[in-house]
Amino acid sequence: MTSGLWELVLKGIWVTVQLLVFSALLAAAVSFVVGIARTHRLWTVRFLAGFYTEVFRGTSALIMIFWVFFVLPPAFGWQLVPMWAGTLALGLTYGAYGSEIVRGALNSVDPAQREGGIALSFSPWQRLRLILLPQAVPEMIPPFSNLLIELLKGTALVSVMGMGDLAFSGNLVRLALQESAEIYTYILLIYFVIAFLLTRVMRGLEKKLKAGLGRVPEGGGKKLPAPRPETTAVGAEAAGGR
């Protein structure tokens, strides 16, 4: 390929990375808000969160992109640029899947931990922040890692809007060179490299979070000693109340 075509591919990689970061941040925010709402004591909150989850899990991400880009803006009299339309559609869709990860991780925490927070007169927010989330978040990392890889692959869908992401740029190069096998092989390898780097980053984050709880992932080596109660956020606050 010529330098100009390689520059087009590099621009496509940059657009894909930007879209991945923006939509991942939105999906993470949606995952925690909706996932926590799924465990709320009020049934109306649980119902609304569950309704959102079922709607976005039950619809096609591609059709959602079409809807956000072509249907939603005219209803409000404005137009979204492809980047933000893709971010909104992908973030809301994958956030629905992520909310189930959050809900499952929170419900997997030992009920005795919740009871301990109640015995210490912690408010629901304190129990969530100091007891449930610190134990649940490390368990969310592996499934979130898989979801992030799926989101990366889902970014290729925005090419239907004419957005110059990696998939769209690669197709332009293919048309220019009339060479499908070589170009699509390069594109596959680029997606693999990005996915591999994301996996390594998420694996490192999982190890760091579990080490803070005195645990390590499977195959991670010797188990670390559990932290002393007075060194944890829960123990410190409980000690301060005595």
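Residues numbered from 1 in each chain as written. Predicted model: local features only at pLDDT ≥ 70, side-chain atom pairs only at ≥ 80, totals over all residues. Heavy atoms only, no water.

1. Thoughts on the overall build of the protein chain
At step 1: In terms of helices and strands, the protein chain carries nine helices and zero strands.
At step 2: In the protein chain, the succession of helices and strands from N to C terminus is α-α-α-α-α-α-α-α-α.
At step 3: Looking at the 242 residues of the protein chain, the share that counts as buried comes to 36%.
At step 4: Partitioning the contacts of the protein chain with sequence separation of at least 6, the portion at a separation of at least 24 is 70%.
At step 5: For the protein chain, the accessible area works out to roughly 13,500 Å², and carbon and sulfur atoms hold 67% of it. (Helix = DSSP H or I, 4+ residues; strand = E, 2+ residues; numbered from the N terminus. Buried < 20%, exposed > 50% of the residue type's maximum accessible area, 1.4 Å probe, protein only. Contact = heavy atoms within 4.5 Å. Areas by Shrake-Rupley, 256 points an atom, 1.4 Å probe, with all protein chains shown as cover.)

2. So, the pattern of salt bridges
At step 1: Overall, the coordinates contain six salt bridges when judged by the stated rule.
At step 2: Taken together, the salt bridges that share partners define one network made up of Arg38, Glu100 and Arg103. (Salt bridge = Lys/Arg side-chain N within 4 Å of Asp/Glu carboxyl O.)

3. Some details on the side chain of glutamate 100
At step 1: Relative to the helices and strands, glutamate 100 is located in helix H4 (residues 82-107).
At step 2: Looking at glutamate 100, its side chain comes within polar contact range of the side chain of arginine 38, at 2.5 Å.
At step 3: Not counting residues within four places of it along the chain, the set of residues in contact with glutamate 100 comprises Arg38, Thr53 and Arg57. (Polar contact = N/O pair within 3.5 Å; in protein donor to acceptor, adjacent residues only side chain to side chain.)

4. A closer look at the packing of aromatic side chains
At step 1: Evaluated as defined, the whole model comprises 10 aromatic pairs.
At step 2: Plain terms: the ring middles of phenylalanine 47 and phenylalanine 51 are 6.4 Å apart, the flat faces sit at 25 degrees to each other, and that makes the pair stacked. Taken as a pair, phenylalanine 47 and phenylalanine 51 lie in helix H2 (residues 43-57) at a separation of four residues, close to a single helical turn.
At step 3: An angle of 45 degrees between the planes, with centres 6.2 Å apart, marks the rings of tyrosine 94 and tyrosine 97 as tilted. On the criterion of helical spacing, the pair formed by tyrosine 94 and tyrosine 97 is a turn pair, its members being three residues apart in helix H4. (Phe/Tyr/Trp six-rings, centres within 6.5 Å; stacked < 30°, edge-to-face > 60°.)

5. Thoughts on the environment of serine 145
At step 1: If you trace the backbone, serine 145 turns up in helix H6 (residues 124-154).
At step 2: C-alpha separation for the pair serine 145 and alanine 195, spaced 50 residues apart in sequence, amounts to 9.6 Å.

6. With respect to a nonpolar patch on the surface
At step 1: On the surface, a nonpolar cluster with roughly 550 Å² of combined accessible area is contributed by Ile63, Phe66, Trp67, Phe70, Val71 and Val160.
At step 2: Structurally, isoleucine 63 can be placed in helix H3 (residues 61-76). (Patch = residues over 30% accessible without salt bridge, like charges linked within 9 Å, V, L, I, M, F, W, Y side chains within 5 Å.)

7. Side note on the packing of helix H5 (residues 111-119) against H6
The angle between the axes and the distance between the axes are what describe a pair of packed helices.
At step 1: Packing of H5 against H6 brings their axes to within 10 Å, and their N-to-C directions diverge by 160 degrees. Classified by the angle their axes make, H5 and H6 are roughly antiparallel. Along this stretch, H5 crosses H6, giving a crossing that reads as right-handed. Taking contact as the criterion, the partners of Gln113, Arg114, Gly117 and Ile118 in H5 are, on H6, Arg127, Ile131, Leu132 and Gln135.
At step 2: Within the contact of H5 with H6, the residues separate by chemical class into three nonpolar, three polar and two charged. (Axes fitted to C-alpha atoms, helices over the stretch in contact; angles between N-to-C directions. Parallel < 35°, antiparallel > 145°, perpendicular 65-115°, else oblique. Left-handed = near helix turned anticlockwise from the far one by under 90°. Nonpolar A, V, L, I, M, F, W, Y, C, P; charged D, E, K, R; others polar.)

8. A few points about the confidence of the model for the protein chain
At step 1: Taken over all residues, the pLDDT of the protein chain has a mean of 84, while the share at 70 or more is 86%.
At step 2: Element-level pLDDT for the protein chain is lowest in helix H9 (residues 233-240), with a mean of 48, against a maximum mean of 94 in H2.
At step 3: In the model, residues 223-239 has pLDDT below 50 throughout and makes 24 contacts with residues more than four positions away in sequence or in other chains. (pLDDT = per-residue confidence, 0-100.)

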